[in-house]
Amino acid sequence: MNKLTADLTVSKAKLDEIADFFVKTATSSLAKQTERGIPMIPTYVTKLPTGKEKGVFLACDLGGTNFRCCSVVLNGDGTHKITQDKCHIPEEVLNAKSHVEFYDWLASCIGDFVAKQHPNWKSDQGKLRMGVTFSYPVNQTGLNRGTLVRWTKKVNVPDAVGRDVCVDFQTAMDRRNIPVYIAALINDTTGALLARSYMAGESVHTLLGMILGTGTNAAYMEDVAKITKLPAGTTQHKTMAVNTEWGSFDNDLQVLPTTRFDAAIDKLTLNPTVHMFEKRISGMFMGEILRQMLCELHGKGLIFKNLPAGSLDKPFGIDTATPSQIEADASSDNIEVKAIMRDVFGINPTSEEAHAVRKLSHGIGKRAAYLVAGAIGGVVNLTNALEKYQYIDIGGDGSVYEFYPGFEKHMREALRLLYGEATEKRFKFGIVKDGSGIGAALCASLSAEEA
Ligand code: GLC
């Protein structure tokens with residue numbers, strides 16, 4: 001047991017190594033397209049909002065399990081109003097036989113939403129401009145052009161890979177005569193970056209938009225001069241947001257800590273050997289890490305002697321909400337932990353067992369937060385942010401960020417190890433609710449300014 005929790009510990013030396021390796025690999029990916037390295041995808045978003053953007057825009061967001069359609073009013077003073085509908089993506093759409101079937105379903109959701117929210121919109125008024133948040137790696141070739149690199153999380157529509165997301169989606173909407181024009185395609189992290197900047201106003205420089213949810217990733221503003229893989233003359237602008245796709249940081253596992261549980265989980269995934277950073281951190285995996293550990297302890301006869309057969313057998317059978325709720329138990333005698341274990345595993349644990357599960361959940365969440373801090377350190381060092389800005393402003397979103405107890409506290413602990421106490425205080429973390437919806441709308445608005 002102690003050995004298991006010790007294996008989850010991330011030392012100061014390891015944090016330094018992670019941050020250094022991040023700088024090294026990110027720098028080389030900015031210069032040259034990479035197969036296995038961290039992708040560092042240029043987004044074609046060339047400026048951050050000022051807070052003064054105005055107008056009505058549509059936005060949609062394809063996330064891990066839901067498709068959200070939003071109508072966003074930007075008021076021009078850093079405030080906004082958002083109306084949204086959430087559609088649960090059915091299994092048969094997640095595994096659609098063709099891209100046509102897949103985008104047709106997305107288009108039908110947009111059609112229903114527009115009919116409901118903008119019933120009087122006439123096609124002679126032109127098309128509504130929409131920003132699409134697509135939370136998967138896309139190789140962008142323009143603000144509203146980009147080919148899908150691979151699916152992550154739960155979508156599995158192989159023939160959509162390598163195709164232009166905007167073209168396929170726009171074609172599906174045109175087939176249904178939906179009066180909507182895709183003005184911009186962004187990643188959810190770019191959305192979080194833009195939304196946080198809009199809300200913070202011109203006086204604050206937001207360094208990072210970060211998602212810690214079903215998946216994990218971050219986007220930041222980079223000097224175009226450093227993104228040398230961009231073809232010459234791509235833009236006149238000096239800066240461009242980069243979608244790091246840090247879920248794929250260190251796919252070759254040169255510095256990331258790897259336990260036998262991490263290795264076993266990778267084999268169970270739809271995308272083995274890639275997105276290795278994400279598989280130690282995000283909401284899709286932390287519950288599974290706990291399940292793997294409990295299976296081993298139970299298999300060795302060390303815990304849960306009376307466990308009903310099969311309770312722990314199902315891969316991904318434990319949601320990350322479980323370790324998260326376990327970690328939230330503030331009682332000294334693990335009352336909540338015991339109740340959760342009755343619900344989830346169907347057993348009445350002893351106090352020792354409850355204590356053990358709590359310790360493991362704590363270790364899993366803390367390791368994830370430390371690894372994220374290592375990657376944040378990577379972006380901070382890569383951009384010389386500590387020399388340039390007084391505050392390191394980070395906008396975050398996602399279920400792990402919002403609900404996993406102690407996540408920020410643990411990230412801060414790790415940042416203190418990396419930079420010392422005084423510098424850690426210069427980091428500001430804030431939640432960006434609806435970041436992808438607002439961010440996509442902002443992007444549609446910024447693109448209108450340039451058009
Ligand atoms: C996955 C996706 C990435 C997204 C992240 C958070 O890592 O590859 O594009 O930003 O999940 O949703």
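Predicted model, so just to flag it, every value in this text is computed and none were measured.

In spatial order, the strands read β4-β3-β2-β5-β8; together these 5 strands make up an open sheet with mixed pairing. Looking at strand neighbours, the two that pair on one side only are β4 (80–88) and β8 (180–186), the edges of this open sheet. In this sheet, adjacent strand axes meet at a mean angle of 25° when their direction is disregarded. Lying over the sheet, helix α5 (residues 165–175) contacts β2 (54–62), β3 (66–75), β5 (128–134) and β8, oriented at roughly 160° with respect to β8. Along the sheet face, helix α6 (residues 188–200) touches β3, β4, β5 and β8 and points at about 95° away from the line of β8.

To continue, consider the site of the ligand. Within the structure, the ligand sits among 15 residues, and K153, N187, D188, E245 and E278 are positioned closest to it. In the environment of the ligand, an oxygen atom lies 3.0 Å from a nitrogen or oxygen atom belonging to the side chain of N217. Contacts to the ligand include E245, whose side-chain N or O atom sits 2.5 Å from an oxygen atom. Across the complex, the protein chains shield 98% of the 310 Å² of accessible surface that the ligand would expose by itself. Among the secondary structure elements, those contributing two or more residues to the shell around the ligand are α6 and β10 (216–223).

This part covers the environment of N95. As for its position among the elements, N95 is in the loop between α3 (91–94) and α4 (99–117). Classification of N95 as partly exposed rests on a relative accessible area of 37%. The spatial distance from the C-alpha of N95 to the C-alpha of T141 is 26 Å, given a sequence separation of 46 residues.

Let's shift gears to the sheet that holds β10. Ordered by their spatial adjacency, 6 strands build an open sheet running β1-β11-β10-β9-β12-β13, and the pairing between neighbours is mixed. Since the sheet does not close on itself, it has two edges, and those belong to β1 (41–42) and β13 (427–431), each with one partner. In terms of strand pairing, β10 meets strand β11 (residues 239–243) through 5 bridges, oriented antiparallel. Of the residues in β11, the one forming a bridge with E222 is M240. Packing of α6 onto the sheet brings it into contact with β9 (206–212), β10, β11, β12 (392–397) and β13, and relative to β9 it is tilted by some 135°.

Right, let's talk about the pattern of salt bridges for a bit. All told, the structure shown has 24 salt bridges when counted by the stated rule. Between R36 and D252 there is a salt bridge, with its nearest N and O atoms 2.8 Å apart. You can see R36 sitting in the loop between α2 (12–31) and β1 and its partner D252 sitting in the loop between β11 and α7 (260–268), a full 216 residues away along the chain. Owing to a relative accessible area of 31%, R36 belongs among the partly exposed residues under this scheme. Taking the relative accessible area as the measure of exposure, D252 reaches 44% and is therefore partly exposed.

For E245, which is not glycine, the phi torsion reads 50° and is therefore positive. By secondary structure assignment, the location of E245 is in the loop between β11 and α7. Of the residues examined, E245 reaches a relative accessible area of 4% and is grouped as buried. One non-glycine residue, F316, lies in the positive phi region at around 60°.

Among the residues of α7, F261, D262, I265 and D266 are the ones counted as buried. What you see down the axis of α7 is that its buried residues fit within an arc of 140°, all on one side. On its buried side, α7 packs onto α1 (2–7), α8 (278–281), α9 (286–299) and α12 (351–382).

Between α2 and helix α15 (residues 407–419), the shortest axis-to-axis distance is 9 Å and the interhelical angle comes to 80°. The orientation of α2 with respect to α15, classified from their angle, is roughly perpendicular. Touching K12, L15, D16 and A19 of α2 are A414, L417 and L418, all from α15. Considering only residue class, the contact of α2 with α15 consists of 5 nonpolar, no polar and 2 charged.

Our next topic: the nonpolar core. Ranked by size, the top nonpolar core spans 81 residues in total, and within it M210, W246, F249, I376 and F407 carry the most contacts. In terms of residue count, α12 provides more of this core than any other element does, 15 residues in total. Those residues within four positions of F249 in sequence are excluded, and the remaining contacts are I18, F21, F22, T25, I38, V255, L256 and F277. L62, C87, Y103 and Y136 belong to the second largest nonpolar core, which has 39 residues in total.

Scoring rules and cut-offs
Residues numbered from 1 in each chain as written. Predicted model: local features only at pLDDT ≥ 70, side-chain atom pairs only at ≥ 80, totals over all residues. Heavy atoms only, no water. Pairing = 2+ DSSP bridges. Helix = DSSP H or I, 4+ residues; strand = E, 2+ residues; numbered from the N terminus. Axes fitted to C-alpha atoms, helices over the stretch in contact; angles between N-to-C directions. Contact = heavy atoms within 4.5 Å. Near = heavy atom within 4 Å. Polar contact = N/O pair within 3.5 Å; in protein donor to acceptor, adjacent residues only side chain to side chain. Areas by Shrake-Rupley, 256 points an atom, 1.4 Å probe, with all protein chains shown as cover. Buried < 20%, exposed > 50% of the residue type's maximum accessible area, 1.4 Å probe, protein only. Salt bridge = Lys/Arg side-chain N within 4 Å of Asp/Glu carboxyl O. Arc of directions from axis to C-beta. Parallel < 35°, antiparallel > 145°, perpendicular 65-115°, else oblique. Nonpolar A, V, L, I, M, F, W, Y, C, P; charged D, E, K, R; others polar. Core = buried A, V, L, I, M, F, W, Y, C linked by side-chain atoms within 4.5 Å.

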